[in-house]
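Here is what each chain is made of, one letter per residue.
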Amino acid sequence: ELKVEQNPLFLSMQEGKNYTIYCNYSTTSDRLYWYRQDPGKSLESLFVLLSNGAVKQEGRLMASLDTKARLSTLHITAAVHDLSATYFCAVDRIDDMRFGAGTRLTVKP
Amino acid sequence: NAGVTQTPKFRILKIGQSMTLQCTQDMNHNYMYWYRQDPGMGLKLIYYSVGAGITDKGEVPNGYNVSRSTTEDFPLRLELAAPSQTSVYFCASSQTRNQPQHFGDGTRLSIL
């Protein structure tokens, strides 16, 4: 069974600092997604990672995928308050799709 | 640009009642998905569709049914509502499985 673990589940950062969110999964996958969700809102797609070594960047966020380690990371550079949200990874196989529990990020001044 | 439209936004049902959650997309996407999100949790896939006339089960299909008669519409039906189905339901669509999913605003469903 496909299992997805995110850590940390809660993250409080100061503005200007860097940090990384980790997403581990238990079996081979075809693709990995990262999403952002603001409180009470829908999900916004951030990245789709398709192959080993894939790296994508958008603003202060950078996502990478290591399929051999079954690990994806979401790196935050010089955090700003607007990045406060919950971040989810999701792992997709041809016969299954599972989400992590989410990382609730709070960026403080 | 409408994107993915879900109706209703809120609904309260009594145990044993039935209802249909509507989802429509205007992007001509092939793939459509239904998820549920329980408080403080990630999403769980209920059903998905790769095109009109084709549907498949996700992680938590029990208690739900779907149909896909057109590319645009992907309704989700609850036949006998149970308290365990209290959740926020999201519909999403994508052109292919390798492309980002676009989400609707969600339907908040309470079953009492």
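Scroll up for the structure.
Residues numbered from 1 in each chain as written. Chains lettered and ligands numbered in written order. Predicted model: local features only at pLDDT ≥ 70, side-chain atom pairs only at ≥ 80, totals over all residues. Heavy atoms only, no water.

S.K.: Before we move on, could you go through the overall build of chain A and cite the residues and values that matter?
M.R.: Each helix and strand in chain A was counted, giving zero helices and eleven strands. Counting from the amino terminus, helix and strand elements in chain A follow one another as β-β-β-β-β-β-β-β-β-β-β. Its C-alpha atoms give chain A a radius of gyration of 13 Å, within 12% of the compact-globule value 13 Å for 109 residues. Dimensions of chain A, computed from the C-alpha atoms along their principal axes, are close to 40 × 30 × 20 Å. Burial status across chain A gives 46% buried among its 109 residues. For chain A, long-range pairs separated by at least 24 residues make up 55% of all intrachain contacts whose partners lie at least 6 apart in sequence. Carbon together with sulfur atoms contributes 48% to the accessible area of chain A, which is approximately 5500 Å² in total. Positive and negative charge centroids in chain A, built from 13 and 12 side chains respectively, lie 4 Å apart. (Helix = DSSP H or I, 4+ residues; strand = E, 2+ residues; numbered from the N terminus. Rg over C-alpha atoms; globule rule 2.2 N^0.38 Å. Buried < 20%, exposed > 50% of the residue type's maximum accessible area, 1.4 Å probe, protein only. Contact = heavy atoms within 4.5 Å. Areas by Shrake-Rupley, 256 points an atom, 1.4 Å probe, with all protein chains shown as cover. Lys, Arg positive; Asp, Glu negative; His and termini not counted. Charge placed at Lys NZ, Arg CZ, Asp CG, Glu CD.)

S.K.: Any chance you could break down the pattern of salt bridges for me, citing the residues and the numbers?
M.R.: As enumerated under the stated definition, the model contains nine salt bridges over all chains in all. Close ionic contact of Arg98(A) with Glu59(B) constitutes a salt bridge, the shortest N to O distance being 3.2 Å. A residue pair is termed interchain when its members come from two chains, as with Arg98(A) in strand S10 (residues 96–99) and Glu59(B) in the loop between strand S6 (54–57) and strand S7 (64–66). Lys9(B) serves as the salt-bridge partner of Asp105(B), at 4.0 Å between the closest nitrogen and oxygen. (Salt bridge = Lys/Arg side-chain N within 4 Å of Asp/Glu carboxyl O.)

S.K.: Which residues make up the packing of aromatic side chains, and what values go with them?
M.R.: Applying the stated rule across the entire model yields nine aromatic pairs over all chains. With a centroid separation of 5.6 Å and an interplanar angle of 20°, the aromatic rings of Tyr35(A) and Phe99(A) are classed as stacked. In this pair, Tyr35(A) sits in strand S4 (residues 31–37) while Phe99(A) sits in strand S10, placing the two residues 64 residues apart along the sequence. Residues Tyr35(A) and Phe99(A) agree in their burial class; the two are buried. Through pairs of rings, three or more aromatic residues link up here, namely Tyr33(A), Tyr35(A), Phe99(A), Tyr31(B), Tyr33(B), Tyr35(B), Phe90(B) and Phe103(B). (Phe/Tyr/Trp six-rings, centres within 6.5 Å; stacked < 30°, edge-to-face > 60°.)

S.K.: Run through the nonpolar core, naming residues and quoting values.
M.R.: With 25 residues, the main nonpolar core has Leu32(A), Trp34(A), Leu74(A), Ile76(A), Tyr87(A) and Leu105(A) as its most contacted residues. Only strand S2 (10–14), strand S3 (19–25), S4, strand S5 (43–49), strand S7 (61–66), strand S8 (71–76), strand S9 (85–93) and strand S11 (103–108) of chain A provide two or more residues apiece to this core. Among the elements that line this core, the one with the most residues is S9(A), at four residues. Core analysis: the second largest hydrophobic core is formed by 19 residues, Leu13(B), Tyr47(B), Phe74(B) and Ala81(B) among them. (Core = buried A, V, L, I, M, F, W, Y, C linked by side-chain atoms within 4.5 Å.)

S.K.: Hey, could you go over the environment of Asn18(A) for me, with residue numbers and the actual values?
M.R.: Residues and elements named next belong to chain A. Of note, Asn 18 is situated in the loop between S2 and S3. For Asn 18, a relative accessible area of 45% gives the class partly exposed. Linking Asn 18 and Ala 78, residues 60 residues apart in sequence, is a C-alpha distance of 5.3 Å. If near-sequence neighbours (up to four positions away) are discounted, Asn 18 is found in contact with Met 13, His 75, Ile 76, Thr 77 and Ala 78. A polar atom in the side chain of Asn 18 sits 2.8 Å from the backbone nitrogen of Ala 78. (Polar contact = N/O pair within 3.5 Å; in protein donor to acceptor, adjacent residues only side chain to side chain.)

S.K.: Pulling in residues and values, what's your account of the interface of chain B and chain A?
M.R.: The interface is formed by 19 residues belonging to chain B together with 20 residues belonging to chain A. Interface area, chain B with chain A, both sides summed: about 1600 Å², of which 52% is carbon and sulfur. Applying the counting criterion to the chain B and chain A interface returns two salt bridges. Our count for the contact surface shared by chain B and chain A stands at eight residue pairs in polar contact (both at pLDDT 80 or more). Put simply, the parts of the chain that give the side of chain B that touches chain A at least two residues each are strand S4 (31–37) and strand S5 (43–51) of chain B. (Buried area = accessible area lost by both parts, 1.4 Å probe.)

S.K.: Lay out the pairing of strand S1 (residues 4–7) of chain A in plain terms, naming residues and giving numbers.
M.R.: Residue and element names in this part refer to chain A. In S1, alternate side chains face the same way, and those of Val 4 and Gln 6 are buried while those of Glu 5 and Asn 7 on the opposite face are not. Of the pairings in the sheet, the one linking S1 to S3 comprises four bridges and is antiparallel in character. Bridging across to S3, Glu 5 finds its partner in Asn 24. (Pairing = 2+ DSSP bridges.)

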